[in-house]
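If you want the building blocks of each chain, they are given just below.
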Amino acid sequence: MAFTYFFRDSHTLELVVKHVVPEVMGRSRIRIWDAGCAMGPEPYTLAMFFAEGMGKFAFQNLHIEASDIDESNNFGEIIAAGIYQTDELSRMPSGMLEKYFQPMDQLGHFQLIDLIKNRVQFRRHNLLSSKAIGDGFSLIICKNVLLHFQPAERLQVIRMFHQALAPGGFFATEQTQKLPPELSHLFERVVGDAQLFRKVN
């Protein structure tokens, strides 16, 4: 299971949106895969960043498919509900909590608004199966998962991501996880200060 929280590594996510949005505008369906999503903070943070960076109508074409191995078998329900407690939202930037969450009757609990919640769907998936959840993705994000794999497993998973990306699609991983040199021919680096790459066809 990946560990994460709302607005973790915002710098990378801001760069993702900056580079991906111009490439996908005008498409009727924009597919994103967040692999290793844990209980939802990362894909929902990503959705909020895209909401800020896209027009209202274009944002409705965004589909984030979040996956995790989910050994507890409860991530799907948590993500679908979109309900989080105050301590889970403590790192939210000013104004974002009020904009994208609504307080619930239960003290200290907030629920994501439908605009954001409806853009994310969860599915259980084991990355080491070597079978992607789909193809034609404009963006694949996998943060805080690859570092737990053995080097050979890492190569296997990143090759799978490359195949699942649409031509020219983007791949982002954790800042501490460098792209293995054996796979350097599959991607070109997009920026110098984040692990953001673009598929080489």
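Note that the coordinates shown come from a computational prediction; the quantities given were computed from them, not determined experimentally.

What counts, and at which threshold
Residues numbered from 1 in each chain as written. Predicted model: local features only at pLDDT ≥ 70, side-chain atom pairs only at ≥ 80, totals over all residues. Heavy atoms only, no water. Helix = DSSP H or I, 4+ residues; strand = E, 2+ residues; numbered from the N terminus. Rg over C-alpha atoms; globule rule 2.2 N^0.38 Å. Buried < 20%, exposed > 50% of the residue type's maximum accessible area, 1.4 Å probe, protein only. Areas by Shrake-Rupley, 256 points an atom, 1.4 Å probe, with all protein chains shown as cover. Lys, Arg positive; Asp, Glu negative; His and termini not counted. Charge placed at Lys NZ, Arg CZ, Asp CG, Glu CD. Polar contact = N/O pair within 3.5 Å; in protein donor to acceptor, adjacent residues only side chain to side chain. Contact = heavy atoms within 4.5 Å. Pairing = 2+ DSSP bridges. Axes fitted to C-alpha atoms, helices over the stretch in contact; angles between N-to-C directions. Salt bridge = Lys/Arg side-chain N within 4 Å of Asp/Glu carboxyl O. Expected span 1.5 Å × (residues − 1).

Novice: Talk me through the overall build of the protein; I want residue IDs and the actual numbers.
Specialist: The helix and strand tally for the protein stands at seven helices and 10 strands. Taking 201 residues into account, the globule formula puts the C-alpha radius of gyration at 17 Å, and the protein, at 16 Å, falls close to it. Projected onto the principal axes, the alpha-carbon positions of the protein cover approximately 50 × 40 × 30 Å. Looking at the protein as a whole, 51% of its 201 residues are labelled buried. Surface summary for the protein: the accessible area is close to 9700 Å², and the carbon and sulfur share equals 51%. Positive and negative side-chain charges of the protein, numbering 20 and 22 respectively, have mean locations separated by a distance of 6 Å.

Novice: Can you lay out the side chain of His125 for me, pointing to particular residues and giving the numbers?
Specialist: Mapped onto the elements, His125 comes out in the loop between strand 6 (120–124) and strand 7 (137–142). Among the polar contacts listed, one links the side chain of His125 to the backbone oxygen of Lys131, at a separation of 2.6 Å. Dropping the residues within four chain positions of it, His125 is found in contact with Trp33, Ser67, Asp68, Ile69, Lys131, Ala132 and Ile133.

Novice: Describe the sheet that holds strand 9 (residues 187–189), listing the residues and the values that go with them.
Specialist: Ordered in space as 6-2-1-7-8-10-9, the seven strands form an open sheet in which the pairing is mixed. Looking at which strands have only one partner, the edges of the open sheet turn out to be strand 6 and strand 9. Across this sheet, the average inter-strand angle for adjacent strands is 25 degrees, counted without regard to direction. Summarising the sheet, strand 1 (residues 30–35) and strand 2 (residues 62–68) pair through six bridges and their orientation is parallel.

Novice: Go over the side chain of His162 with me, naming the residues and quoting the values.
Specialist: Mapping His162 onto the fold places it in helix 7 (residues 151–164). According to the relative accessible area criterion, His162 is buried, its value standing at 12%. Those residues in contact with His162 that lie beyond four places of it in its chain are Leu186, Phe187, Lys199 and Val200.

Novice: Any chance you could break down the pattern of salt bridges for me, citing the residues and the numbers?
Specialist: For the structure shown, the criterion picks out six salt bridges. One salt bridge connects Glu65 with Arg31, and the closest N-O pair in it is separated by 2.8 Å. In this pair, Glu65 sits in strand 2 while Arg31 sits in strand 1, placing the two residues 34 residues apart along the sequence. The pair Glu65 / Arg31 is uniform in exposure class, with both members buried. With its nearest N and O atoms 2.6 Å apart, the salt bridge here joins Glu52 to Lys99. Remark: Lys99 occurs in helix 5 (residues 96–100) and Glu52 occurs in helix 2 (residues 41–53); sequence separation between them is 47 residues. What makes Glu52 partly exposed here is its relative accessible area of 42%.

Novice: Give a detailed account of the sheet that holds strand 4 (residues 101–103), specifying residues and quantitative values.
Specialist: The sheet built from three strands is open, its strands ordered 3-5-4 with antiparallel pairing. Among the strands making up the open sheet, the edge pair consists of strand 3 (83–85) and strand 4. Between one strand axis and the next, the sheet turns through 35 degrees on average, direction left out of account. Sheet topology places strand 4 next to strand 5 (residues 109–112); three bridges connect them, and they run antiparallel. Looking at strand 5, one finds that Gln102 is bridged to Gln111.

Novice: Explain helix 2 to me, using residue names and the numbers behind them.
Specialist: End to end, helix 2 covers 18 Å across 13 residues, agreeing with the expected 18 Å (1.5 Å per residue, within 8%). Those residues of helix 2 not exposed but buried are Pro41, Glu42, Pro43, Tyr44, Thr45, Leu46, Ala47, Met48, Phe49, Phe50 and Ala51.

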